[in-house]
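# Working through the structure, step by step
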Amino acid sequence: MNDDEMVRELLQGAGPRRPLPADDLVSIREAARIEWRHRYGRAASPWSFRPWIAVAAAGLLAVAGLVWWARARQAASGSAVASIERAAGVGKWRTGDSLRGGSEIETRSELDGAGRLALRMAGGASVRLDSDTSVRLASAREVELDRGAVYVDTGAGPGRGEEVAVRTPAGLFVGLGTQFEVRAEESAGTRLRVREGNVRLDRGGSPVLTGAGRELVVRGDGTLSEGAIAISGPQWDWVLATAPTIEIEGVKVVRFLDWIARETGWRVEYADEEATSLADSVELHGSIAGLTPVDATGVVLSSAGLGYRVSDGTLVVFVAKK
């Protein structure tokens, strides 16, 4: 096989390429012009070799296009932008695996046993991938969603992580102190659901801002619809299934309940002062590794002499009967 045939096979196998950025096109043309002038500019009229400049530039563009495609599709480049924090039945990925910029991650249907993933971005945010999801980690602060669903939680308080934006064909969803989900479905369009904070959709023109307890749907034709949603309930179960486990050793019950409230969307209330006092004073020991937040709630509260009930999105904590 000669060189021409090898290049042709590479280009055919590559598939469609992303368009080159305008800045890269300018750089390529300038590089071709400078190289030609260096070799031939002093030896001939500026007009005599103009057709060859076009040929040289075209060749450089073809090679650069192939390089650009390879760079956009490569599994890893540069420094680590995230790590696997929790792998729910995903055989290919392991907890602790480091992921570099450009890494592509795909989870299959739950029926195939591929499960879900929880990532910890380099900036501290938690990013979770539902089953049947395909993403590319563009950087520590941007995830490109091809299909499926991504959940972003930047955390709360002074130590919260950097915001992570989710890029889709419908636009760029930029979190502003948030917990939110973006789901891309070919038939239903792209849906944003916000649990906390605000999310801005940038897609050219005026940005669209969506707040907590709201849902925004971008249909295939670009039209928008918005409505109210619940911030707790079955629609968030997949997020709970991928929640990173916290260390409870030496932690007070009240801090554990803060984590539970954040993960589930429940509002925490105490039945009386005695329940409030116990939650503030009892220190926990042991581990809840392997438990979902919902399962951990009963285990932890019972160990502290407390019980609970959930009604209309509110977790009511009370002193257990002896």
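Anyway, here's the lowdown on the structure attached to this text. Bear in mind that the values here come from a model prediction, so they are computed numbers and not experimental data. (Residues numbered from 1 in each chain as written. Predicted model: local features only at pLDDT ≥ 70, side-chain atom pairs only at ≥ 80, totals over all residues. Heavy atoms only, no water.)

### Concerning the packing of helix H5 (residues 253-264) against helix H7 (residues 293-303)
- H7 packs onto H5 with a crossing angle of 160° between their chain directions and a minimal axis gap of 10 Å. When the axes of H5 and H7 are compared, the pair comes out roughly antiparallel. Judged by the twist between their axes, the crossing of H5 over H7 is left-handed. Counted together, Val253, Phe256, Leu257, Trp259, Ile260, Glu263 and Thr264 of H5 and Pro293, Val294, Ala296, Thr297, Val300 and Leu301 of H7 form the full contact between these two elements.
- Looking at the contact of H5 with H7 residue by residue, the class counts come to 10 nonpolar, two polar and one charged. (Axes fitted to C-alpha atoms, helices over the stretch in contact; angles between N-to-C directions. Helix = DSSP H or I, 4+ residues; strand = E, 2+ residues; numbered from the N terminus. Parallel < 35°, antiparallel > 145°, perpendicular 65-115°, else oblique. Left-handed = near helix turned anticlockwise from the far one by under 90°. Contact = heavy atoms within 4.5 Å. Nonpolar A, V, L, I, M, F, W, Y, C, P; charged D, E, K, R; others polar.)

### Some thoughts on the pattern of salt bridges
- Tallied over the entire structure, the rule returns 20 salt bridges.
- For the salt bridge of Arg167 with Glu142, the shortest nitrogen-to-oxygen distance reads 2.8 Å. Separated by 25 residues along the polypeptide, Arg167 in strand S8 (residues 165-168) and Glu142 in strand S7 (residues 142-153) bring together distant segments of the chain.
- For Arg167, a relative accessible area of 36% corresponds to the partly exposed category.
- A single salt-bridge network, built from bridges that share partners, covers Arg116, Asp130, Glu181, Arg183, Arg191, Arg193 and Glu215. (Salt bridge = Lys/Arg side-chain N within 4 Å of Asp/Glu carboxyl O. Buried < 20%, exposed > 50% of the residue type's maximum accessible area, 1.4 Å probe, protein only.)

### Thoughts on the sheet that holds strand S14 (residues 267-270)
- Taking strand neighbours across the sheet as the criterion, the three strands line up as S14-S16-S15 in an open arrangement whose pairing is mixed. Looking along the sheet, the strands with just one partner apiece sit at the ends: S14 and strand S15 (306-311). Neighbour to neighbour, the strand axes of the sheet diverge by 25° on average, direction disregarded.
- Examined bridge by bridge, S15 and strand S16 (residues 314-319) share six bridges and lie antiparallel to one another. Looking across to S16, one finds that Ser311 is bridged to Thr314.
- Of the strands in this sheet, S14, S15 and S16 touch H5, which is tilted by about 145° from S14.
- Of the strands in this sheet, S15 and S16 are in contact with H7, which crosses S15 at around 145°. (Pairing = 2+ DSSP bridges.)

### Topic: the pairing of strand S5 (residues 126-129)
- In S5, alternate side chains face the same way, and those of Ser126 and Arg128 on one face and Val127 and Leu129 on the other are all buried.
- Of the strand pairs in this sheet, strand S4 (residues 116-121) and S5 are connected by four bridges, and their pairing is antiparallel. In the strand pairing of S5, Leu117 is matched with Leu129.
- The hairpin turn running from S4 into S5, its antiparallel successor, is four residues long, and Gly124 in that turn takes a positive phi close to 105°.
- Summarising the sheet, S5 and S7 pair through four bridges and their orientation is antiparallel. Each residue of the ladder has a partner; that of Val127, found in S7, is Val152.

Everything listed is a geometric property; what it means functionally is a separate question.
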